[in-house]
Amino acid sequence: MRLPFTLLIDPMPADSVQSNFDDTFHEMDSSSPALRVGELSTQRGDGIFETLAVVNGHPQEVEPHISRLRNSARICDLPMPNEEQWRAAIAYAVARVPQRGEIALKFVLSRGVESGPAPTAWLHATAAADFSTVRAQGVRVITLDRGYPRGVAERAPWLLMGAKTLSYAVNMAAIREAHRRGADDTIFLTTDGFVMEGPTSSVVLRSNGTYITPAPSGAILHGTTQQSVFDYLGNQGERVEYRDVTVEELRRADAAWLVSSVRLAVSVVALDDKPFPADQALTEALNAYLLARSA
Ligand code: PLP
């Protein structure tokens, strides 16, 4: 039972008939060098990834994460991941990490080594940061122009919008810009004023009693946490909707949240330097539900 935990994986083709994958997993000392210098993931950010939470020994939303990994592979023309192998790798790691507390488990599929024969894959599990304060107190958010109009994913598929690629430099820059402006996080807008997503989260808002998230049209990720939040709200008899949301509607909303796999749900408490109404009681109920998931 140790952290960090690192597993190098020989990725098997999606149509492999192999059913036991243990000989494709190689445990690594997390502080030892593991990747080749020619790795296209490090040289070009050319690869895809997922991060899921493991809470008290339970990996959360494994199937939605694997299915999004497949979608990212399709968008990026990467070899289709072998779902069984990824399920086995996650289970292998989960059995070897502490069974109490919150863990972030990241899994990566890279295009591989330049001119090399095969993609590269690995998994890395670390203790999650302590998000208790931000879950209790919320986040101050700024809106930032993402630089693309609505519909960009359809018009320019080579931008790989909607794939969870390793190229997160822009996302990290947006968070630094938020910090420069005295805020904690960002909500990206299209150039024509539609709400997209956070750099590492989905946006959910409540407007006229309905819970809304921007439709995952191809320009943003379909958040696994947002899907869980909608399951919870739907079971509580609330109305949920996927549709376009303008920034004006966001400004008028009676509550909004950023939701993601490891930080979970955090209330937006300020938007572009103005106080924003928060429903902290619901945030707590959402996080209690999200933390209690056992699959
Ligand atoms: N959008 C982006 C750009 C993200 O990076 C993430 C998570 O990392 C999300 C949305 C939320 O996805 P999930 O709830 O599956 O973590």
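Residues numbered from 1 in each chain as written. Predicted model: local features only at pLDDT ≥ 70, side-chain atom pairs only at ≥ 80, totals over all residues. Heavy atoms only, no water.

A. The nonpolar core, seen in detail. Judged by nonpolar contacts, the single largest core of 30 residues is most densely connected at Leu105 and Leu123. Every element with two or more residues in this core is listed here: β1 (5–9), β3 (47–55), α2 (62–75), α3 (83–94), β5 (102–110) and β6 (120–127). For this core, the leading source of residues is α3, giving 6 residues. Ignoring any residue separated from it by four or fewer positions in sequence, one finds Leu123 in contact with Phe5, Thr6, Leu7, Ile9, Ala89, Ile90, Ala93, Leu105, Lys106 and Phe107. Listed in part, the 19 residues of the second largest apolar core include Ile187, Leu250, Val266 and Phe276. (Core = buried A, V, L, I, M, F, W, Y, C linked by side-chain atoms within 4.5 Å. Buried < 20%, exposed > 50% of the residue type's maximum accessible area, 1.4 Å probe, protein only. Helix = DSSP H or I, 4+ residues; strand = E, 2+ residues; numbered from the N terminus. Contact = heavy atoms within 4.5 Å.)

B. Region of the structure containing α2. End to end, α2 covers 20 Å across 14 residues, agreeing with the expected 20 Å (1.5 Å per residue, within 8%). Three or more residues of α2 are buried, namely Val62, His65, Ile66, Arg68, Leu69, Ser72 and Ala73. Buried residues of α2, viewed axially, fall in a sector of 160 degrees; they line one side. Residues of α2 that are buried make contact with β3, β4 (58–59), α3, β5 and α7 (224–235). Looking one or two residues past α2, Asp77 carries a phi angle of roughly 55 degrees, positive in sign. (Expected span 1.5 Å × (residues − 1). Arc of directions from axis to C-beta.)

C. Here's a closer look at the site of the ligand. Around the ligand, the surrounding shell holds 17 residues, and the nearest of these are Lys164, Tyr168, Thr224, Thr225 and Ser261. Residue Arg68 places a side-chain N or O atom 2.8 Å away from an oxygen atom belonging to the ligand. Thr224 is positioned with one of its side-chain polar atoms (N or O) 2.6 Å from an oxygen atom of the ligand. Computed on the free molecule, the ligand has an accessible area of 390 Å², of which 94% lies beneath the protein chains in the complex. Listing elements by their share of the shell around the ligand, those giving two or more residues are α2, α7 and β12 (255–260). Split into classes, the residues belonging to the shell around the ligand amount to 4 nonpolar, 10 polar and 3 charged. (Near = heavy atom within 4 Å. Polar contact = N/O pair within 3.5 Å; in protein donor to acceptor, adjacent residues only side chain to side chain. Areas by Shrake-Rupley, 256 points an atom, 1.4 Å probe, with all protein chains shown as cover. Nonpolar A, V, L, I, M, F, W, Y, C, P; charged D, E, K, R; others polar.)

D. Spotlight on unusual backbone geometry. The omega torsion across Leu3 and Pro4 is -15 degrees, close enough to zero to call that bond cis. One can find Pro4 in the segment before β1. Residues other than glycine seldom take positive phi values, yet Asn56 does so here, at roughly 45 degrees. One can find Asn56 in the loop between β3 and β4. Judged by relative accessible area, which is 32%, Asn56 ranks as partly exposed.

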